[in-house]
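Structural characterization, general
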Amino acid sequence: AGGLGSLASLLTCSNLYLRGQAVEALLLLTASDARDGSFQWWDPPGVRGGGAKGRFDLHAQLLGVGSGPGSPLLPGLLANAAQRSSYPGGPLQCLQLLAFWLGWARQLHSPGKRCRLGRSLLAALTRWGERENKAAGVVNEHLKEARACALANSRAAAGGAGAAEGKGGGG
């Protein structure tokens with residue numbers, strides 16, 4: 001997946017500065033704001049005429065970096081779930097990227113817009129930040145929303161196709 005794959009592989013880098021830079025780059029690359037001319041990830045890959053092939057290629061690359069055997073994105077994001085194993089702010093930024101990727105893959109690349117999430121991913125979302133939130137007495141609304149969305153998607157897709165696991169899987 002080219003540059004996206006290289007960035008995703010840095011999500012588990014032992015150098016926390018490089019890890020943070022990779023997450024920041026992925027956040028910037030996945031931000032969609034038509035006002036600043038950034039790439040519109042939420043547009044289906046076949047729209048807007050002349051650039052359809054390039055658009056399709058970018059969609060295929062982002063989908064590939066997050067699904068399939070050996071794909072680095074989901075395991076890398078899950079590796080940053082706990083503050084003690086990430087850089088300052090890393091767990092929340094990685095949760096934001098995870099929520100983006102799961103929602104994007106479900107919306108544009110899953111049959112019937114349904115995505116079955118594997119048990120390991122659901123368990124990881126349940127544990128995400130639990131220890132830090134309890135210690136600080138903080139209720140993280142983003143985490144609550146991501147968990148609720150993941151559980152709702154999983155239940156809705158009980159008969160659907162596609163599964164996203166922490167170590168890859170179709171999305």
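The rules behind each value
Residues numbered from 1 in each chain as written. Predicted model: local features only at pLDDT ≥ 70, side-chain atom pairs only at ≥ 80, totals over all residues. Heavy atoms only, no water. Helix = DSSP H or I, 4+ residues; strand = E, 2+ residues; numbered from the N terminus. Buried < 20%, exposed > 50% of the residue type's maximum accessible area, 1.4 Å probe, protein only. Contact = heavy atoms within 4.5 Å. Areas by Shrake-Rupley, 256 points an atom, 1.4 Å probe, with all protein chains shown as cover. Expected span 1.5 Å × (residues − 1). Arc of directions from axis to C-beta. Core = buried A, V, L, I, M, F, W, Y, C linked by side-chain atoms within 4.5 Å. Axes fitted to C-alpha atoms, helices over the stretch in contact; angles between N-to-C directions. Parallel < 35°, antiparallel > 145°, perpendicular 65-115°, else oblique. Left-handed = near helix turned anticlockwise from the far one by under 90°. Nonpolar A, V, L, I, M, F, W, Y, C, P; charged D, E, K, R; others polar. 1 Å grid on protein atoms, 1.4 Å probe; cavity = no way out; pocket = protein on both sides within 12 Å on 5 of 7 lines; lining within 4 Å. Points joined across faces, edges and corners; volume = space filled by probe spheres on them. pLDDT = per-residue confidence, 0-100.

To continue, consider the overall build of the chain. In terms of regular secondary structure, the chain is built from eight helices and two strands. Taken from the N to the C terminus, the helices and strands of the chain come in the order α-α-α-α-α-β-α-α-α-β. Taking all 171 residues of the chain together, the buried fraction comes to 39%. Expressed as a percentage of contacts within the chain between residues at least 6 apart in sequence, the contacts between residues at least 24 apart total 62%. Carbon and sulfur atoms make up 59% of the accessible area of the chain, which totals about 8900 Å².

Below, the discussion takes up helix H2 (residues 16-30). Relative to the 21 Å expected for 15 residues at 1.5 Å per residue, H2 spans 21 Å between its end C-alpha atoms, a close match to the ideal helical length. Where H2 is concerned, the buried positions are Arg19, Gly20, Ala22, Val23, Leu26, Leu27 and Thr30. Buried residues along H2 cover an arc of 160° about the axis, so they all sit on one side. Turned more than 90 degrees off the buried face of H2, the exposed positions are Tyr17 and Leu28. Residues of H2 that are buried sit in contact with helix H1 (2-9), helix H4 (73-78) and helix H5 (90-109).

This paragraph deals with the nonpolar core. Formed by 33 residues in total, the largest nonpolar core has its most connected members in Leu62, Leu73, Leu98, Trp101 and Trp128. Counting residues per element, the ones that place at least two in this core are H1, H2, helix H3 (52-66), H4, H5 and helix H6 (119-127). It is H5 that contributes the most residues to this core, nine residues altogether. Each residue touching leucine 62, except ones within four places of it in the same chain, is listed here: Leu4, Trp41, Phe100, Trp101 and Trp104.

What follows covers the packing of H1 against H2. Look at H1 against H2: their axes get within 8 Å of each other, and the N-to-C directions meet at 140°. Classified by the interaxial angle, the pair formed by H1 and H2 is oblique. The hand of the H1/H2 crossing is left-handed. Of the residues in H2, those touching H1 at Leu4, Leu7 and Ala8 are Ala22, Ala25, Leu26 and Leu29. Taken together, the residues that form the contact of H1 with H2 break down as seven nonpolar, no polar and no charged.

Right, let's talk about empty space enclosed by the protein for a bit. Summed over the entire model, instances satisfying the criterion amount to one cavity of 30 Å³ or more. As a volume, the largest cavity reaches approximately 70 Å³. Lining the largest cavity are Leu4, Leu26, Thr30, Leu62, Val65, Leu73, Leu97, Phe100 and Trp101. The set of elements that each furnish at least two residues to the lining of the largest cavity consists of H2, H3 and H5. The biggest single contributor to the lining of the largest cavity is H5, with three residues.

A separate point is the side chain of arginine 19. Summarising the element assignment, arginine 19 is placed in helix H2. In contact with arginine 19, other than residues within four places in its own chain, are Leu10, Leu11, Thr12, Cys13, Ser14, Asn80, Ser85, Ser86 and Tyr87.

This next bit is on the confidence of the model for the chain. With 65% of its residues at a pLDDT of 70 or more, the chain has an overall mean of 75. In the model, residues 165-171 has pLDDT below 50 throughout and makes 30 contacts with residues more than four positions away in sequence or in other chains.

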